[in-house]
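Structure assessment
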Amino acid sequence: MAENETLALEIRHVTKRFPGVLANDDVNFDLRRGEIHALLGENGAGKTTLMNIVYGLYSPDEGEFLINGKKVEIKGPHDAINYGIGMVHQHFMLVPVFTVTENMILGSEVTSGPSLDLNRARREIIELSEAHGLDVDPDALVEDIPVGVQQRVEILKALYRKARVLVLDEPTAVLTPQEAEDLFQVMHQLTDKGVSIIFITHKLKEVLNVADRITVMRRGRVVGHTTPKESTQSDLASMMVGRDVILQVEKGAAKPRNVVLEIAGLTVEDERSIASVKDVSLQVRSGEVLGIAGVQGNGQTELVEALTGLRAARGEVQLDGQKLPFENPRFGTEHGLAHIPEDRHKHGLVLPYSLADNLVLCTYYQKPFASNLQRNDRAVDRNAVELIERFDVRSPSQYVTAGTLSGGNQQKVIVARELSRPISLLVANQPTRGLDVGSIEYIHNEIISMRDLGVAVLLVSAELDEIMALSDRIAVMYRGEIVTVVDAGQATREKLGLWMAGLHPGNA
Amino acid sequence: MEDKKSSHLIVRRILAWLAGLWQSLGVPLLAVLLALLIGAIILQISGASPVDAYSALFKGAFGSSKNLGRTLEKATPLIFSGLAVAFAFKAGLFNIGAQGQLLFGALASAFIGFAVKGLPPYIHIPLALFGGAAAGALYAAIPGALKTYTGAHEVITTIMLNYIAINITDYFADGPLKDTSPGNIVARTPAILDSAKIPSIQSIPIGFVLAILIAVGVWWLLWRTTIGFEIRTVGLNPSAARYAGMRVAFTVILTMVLSGFLAGMGGAIETQGVVGRYQPGFNTGLGFDGITIALLGKTHPLGVIPAALLVGAMKAGASQMQFSAGVAKEITDVIQALMLFFVAADMIVRWIFRIRSASEEKVILSGWAQGK
């Protein structure tokens, strides 16, 4: 009994400063043996920083760690692994062309003499997966198995290294609702065996479903402890944000008019001529939001990139009755297409540029921002001041670089740029990924007000809640094809979840 | 109250500006200092007096108006090759080929200089100058096109093209364009006509003034025009450039062409202002020094000027140092190499002087948080 009372992990008074930011401010956190302790907070609240400190990737400026009641120093991931801490990152760290077994032993190879002993490793892995009820095929190539199973491999990898404390960083971001349920079961099986889990997330529903205890962080500080029994979604949301939050998007009925975007027989093939989008036909009307639901990696990215000129494709796309050429992003910009890209760091922003430059990234060559190849800095500046004000970008000035802003404010910069010119079609891909509740609220409202102004909106999101909250019609995408298109009123989470897994409406 | 607040704000702005200046200039300055320090140790070990050597070096570079003129003369082609490398760098391209482009520029300007006769200087000088620049530009278009259409990395192709350039220009100087005047046995072109020569005013070479103007022009192009915006965007984030509708492939080729234009003009000025003809071996290293100078100048077109002056001064002062302090002038090459080393390996300098990099922690963070 006495052993059970000691804490699996205790973090005391951890402070971590980055230049200009107090990422963790006197944080205390403890993890009991065999519990699921959710660490909840908006992006930039300091959750990931704290976990990176625990995993030895950063060293704290102040503070100490206790593992099983003993003070320890963690100087790097190697130490963390030795102390039984395992981490499953948001983006998996697996080698796609290796088998499950090969991935599992990577970095702690089982050898006999100078050669790998894959057979022994394989046996150990089978034993381990049976012991924990984590079903995987040790000989399958990682690239061939579904994302949910890849995640299981990551968890097994940590267990294989004798992890007793498991950190799961936003584990459900890449899963279907059903896969997420499976994961929660696995988590409970693990805690039954005495493994302790830190569950990092910003999804309130999940926290209330699976956590034993909840710690909420805001701006680098722990702002509260609670349990699922004592709290509701809106309690947690206001704790996270520091004020009351409206979780539902308020919107009236859509008044769809003429067809703005007409996609007919669109096919996208990659370099190896494998089709990631197969013969997709869709219509989006003025004044409606068409949501595309689907698990990440089912062709949504390629569909959007084909529409916005970033990727070659076959088929017919018409924008306002005009043929939209492929691989010509500027045509879209000049003909009323706005694009909020999936990856704001890769496509959406030039991080070392000032906000002012980022706000004219697509229109820098047009009047008044330039004439005869010469830039007009005054106009660029004026535009920035106006948009920063209008779209409520929190920034000391228009001269700071985009890289210094928080994710939410970066996204607001993109939204400001894209929505401030006259548009008839908005293509928004994962517009709120990784954002805090406040920014999500803001961007959702912007999208709906665009719709109400008569803009046609094509929304792609892996967050089912977002699709359901904003869409007037929902198309479900699976393996590059549109499984079905339904009115939002007829869609339920369960039905969408099944369609997202590839079941056809006729069979469901 | 208001006054106090605003003056406080101004002080803070100035401090922030100084901090920014230190951020960008600190490392190059300290790298130069470290290189000189290690150079002094080497001098000491080899039995010479560092103080004598350095003061001779300094006198040789700045001691008289004639010496100063020589420093400026040495710095002139270096400004061009430094600009060529720095300019390409802004588009994310590492133009190791400035040497080859410079050689073609020097040869082409020499050809126009001696072969085109009967022109007044105000036409002949710019004709030869732009002819040289155009030759460099054309030669740089090759790696630009190879990169765009085949994906061949410009570092590899420009290194190869340097060898090709050396051999082709050697061939011309010893073959079709050889100086056939009686008594000449070396590989060289005929001397250019007086009408193509760039003069000096007092001890200030006109070429140097031109170099400064061109540097300002490059700065203007990069930060004041839409083309510059496209170049910098392609350099910082090609994906975002594509998203924004910029023609990335075109921009890459254009940048290489303009970079070669600068290098070629450097070669032309050397021919028309100093050498007076094309002769193999007279331009050796000028293009390669451009890499040192661009990095020392933080790849900023205006930073290139002091960097080129520094290296030019060392070249100009080296002979005097050898003569009066009895030190082999190759020591200046060692110091120059050390400067490049410390600038390139700026982590070492930051570590020695405990300069905190503004981006250090963020790099770890972004590499991590993005995770792709």
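Calculation criteria
Residues numbered from 1 in each chain as written. Chains lettered and ligands numbered in written order. Predicted model: local features only at pLDDT ≥ 70, side-chain atom pairs only at ≥ 80, totals over all residues. Helix = DSSP H or I, 4+ residues; strand = E, 2+ residues; numbered from the N terminus. Rg over C-alpha atoms; globule rule 2.2 N^0.38 Å. Buried ≥ 20, exposed ≤ 12 C-beta atoms within 10 Å, placed from the backbone. Contact = placed C-beta atoms within 7 Å. Pairing = 2+ DSSP bridges. Axes fitted to C-alpha atoms, helices over the stretch in contact; angles between N-to-C directions. Nonpolar A, V, L, I, M, F, W, Y, C, P; charged D, E, K, R; others polar. Domains from an automatic or database assignment. Core = buried A, V, L, I, M, F, W, Y, C linked by C-beta atoms within 7 Å.

A few points about the overall build of chain A
Regarding its fold elements, chain A presents 18 helices and 24 strands. The C-alpha atoms of chain A give a radius of gyration of 24 Å, which matches the 23 Å a tight globule of 508 residues would have. The C-alpha extent of chain A, read off along each of the three principal axes, is 70 × 50 × 50 Å. Put simply, chain A has 508 residues, and 47% of those count as buried. Across chain A, the fraction of contacts at a sequence separation of at least 24, relative to all contacts at a separation of at least 6, is 67%.

Thoughts on the sheet that holds strand 23 (residues 473-478) of chain A
All names here are of chain A. Spatial strand order, 18-21-22-15-23-24: six strands in an open sheet with mixed pairing. Strand pairing shows two members of the sheet lacking a second neighbour, strand 18 (337-340) and strand 24 (481-487), which therefore form its edges. Going across the sheet, the axis of each strand differs from the next one's by a mean of 15 degrees, ignoring polarity. Both strand 21 (residues 425-429) and strand 22 (residues 456-460) contribute to a ladder of five bridges, which runs parallel. Of the residues in strand 22, the one forming a bridge with leucine 425 is alanine 456. Each of strand 15 (289-293), strand 21 and strand 22 touches helix 16 (residues 437-452); the most contacted strand, strand 22, lies at about 150 degrees to it. Contacting strand 15, strand 23 and strand 24, helix 18 (residues 493-500) crosses the sheet at an angle of about 30 degrees to strand 23.

Notes on the sheet that holds strand 4 (residues 62-67) of chain A
All names here are of chain A. Strand order in the open sheet formed by four strands is 2-1-4-5, with antiparallel pairing between adjacent strands. Bordering the open sheet on either side are strand 2 (21-32) and strand 5 (70-72), each of which pairs with just one other strand. Neighbour-to-neighbour, the strand axes of the sheet open up by a mean angle of 25 degrees, direction not taken into account. Alignment of strand 1 (residues 7-18) against strand 4, held across five bridges, turns out to be antiparallel. Across the sheet, the residue bridging to glutamate 10 is leucine 66, located in strand 4. Packed onto the sheet, helix 2 (residues 47-54) meets strand 1 and strand 2 and runs at close to 115 degrees relative to strand 1.

Let's talk about the interface of chain B and chain A
Facing 21 residues of chain B, the contacting portion of chain A comprises 27 residues. Counting only elements with at least two residues in the side of chain B that touches chain A, the list comes to helix 8 (226-236), helix 9 (238-243) and helix 15 (360-370) of chain B. Looking at the side of chain B that touches chain A, the element that brings in the most residues is helix 8 of chain B, giving five residues. Here the side of chain B that touches chain A is built from residues that sort into nine nonpolar, eight polar and four charged.

Notes on the domain arrangement of chain A
When the parts of a complex come together, some accessible area is lost, and that lost area is often used as the size of the interface. All names here are of chain A. Each domain of chain A was delimited in the assignment, giving domain 1 (2-241), domain 2 (255-336 + 424-508) and domain 3 (347-421). Relative to domain 3, the C-alpha centre of domain 2 lies at a distance of 26 Å. Each side of the interface is counted separately: domain 2 has 10 residues, and domain 3 has eight residues. It is helix 16 that contributes the most residues to the side of domain 2 that touches domain 3, six residues altogether. Classifying every residue of the side of domain 2 that touches domain 3 by side-chain character gives four nonpolar, four polar and two charged.

Remarks on the nonpolar core
If you look at the biggest cluster of nonpolar residues, it comprises 253 residues, and the most contacted ones within it are Leu166(A), Val457(A), Leu459(A) and Leu83(B). Sort the elements by how many residues they give to this core and helix 12 (residues 304-325) of chain B lands first, with 13 residues. Leu166(A) has contacts with Gly86(A), Val88(A), Ile155(A), Ala158(A), Leu190(A), Val195(A) and Ile197(A), leaving out every residue within four places of it along the chain.

Concerning the environment of Phe62(B)
All names here are of chain B. Position of phenylalanine 62 relative to the elements: it lies in helix 2 (residues 50-62). What makes phenylalanine 62 partly exposed here is the crowd of 15 C-beta atoms within 10 Å. Separated by 76 residues in sequence, phenylalanine 62 and leucine 138 place their C-alpha atoms 37 Å apart.

A closer look at the pairing of strand 23 of chain A
Residues and elements named next belong to chain A. Taking burial as the measure, the six residues of strand 23 include five buried ones, the bulk of the element. Both strand 15 and strand 23 contribute to a ladder of four bridges, which runs parallel. From the neighbouring strand, glycine 291 faces strand 23, where its bridge partner is isoleucine 474. A loop of two residues connects strand 23 with strand 24, the two strands running antiparallel in sequence, and arginine 479 in this loop sits at a positive phi of about 45 degrees.

Some thoughts on unusual backbone geometry
All names here are of chain A. That bond from lysine 367 to proline 368 is cis: its omega, 0 degrees, falls within 30 degrees of zero. You can see proline 368 is positioned in the loop between helix 13 (355-358) and strand 19 (370-371). With a phi close to 50 degrees, histidine 13 is a non-glycine residue in the positive phi region. In this structure, lysine 162 is a non-glycine residue whose phi angle is positive, near 65 degrees. Relative to the helices and strands, lysine 162 resides in the loop between helix 6 (147-160) and strand 9 (165-169).

What about the environment of Gly151(B)?
All names here are of chain B. Within the secondary structure, glycine 151 sits in the loop between helix 5 (121-150) and helix 6 (154-174). Given 7 C-beta atoms within a 10 Å radius, glycine 151 is considered exposed. Through-space distance from the C-alpha of glycine 151 to that of arginine 13 is 45 Å; in sequence the pair is 138 residues apart.

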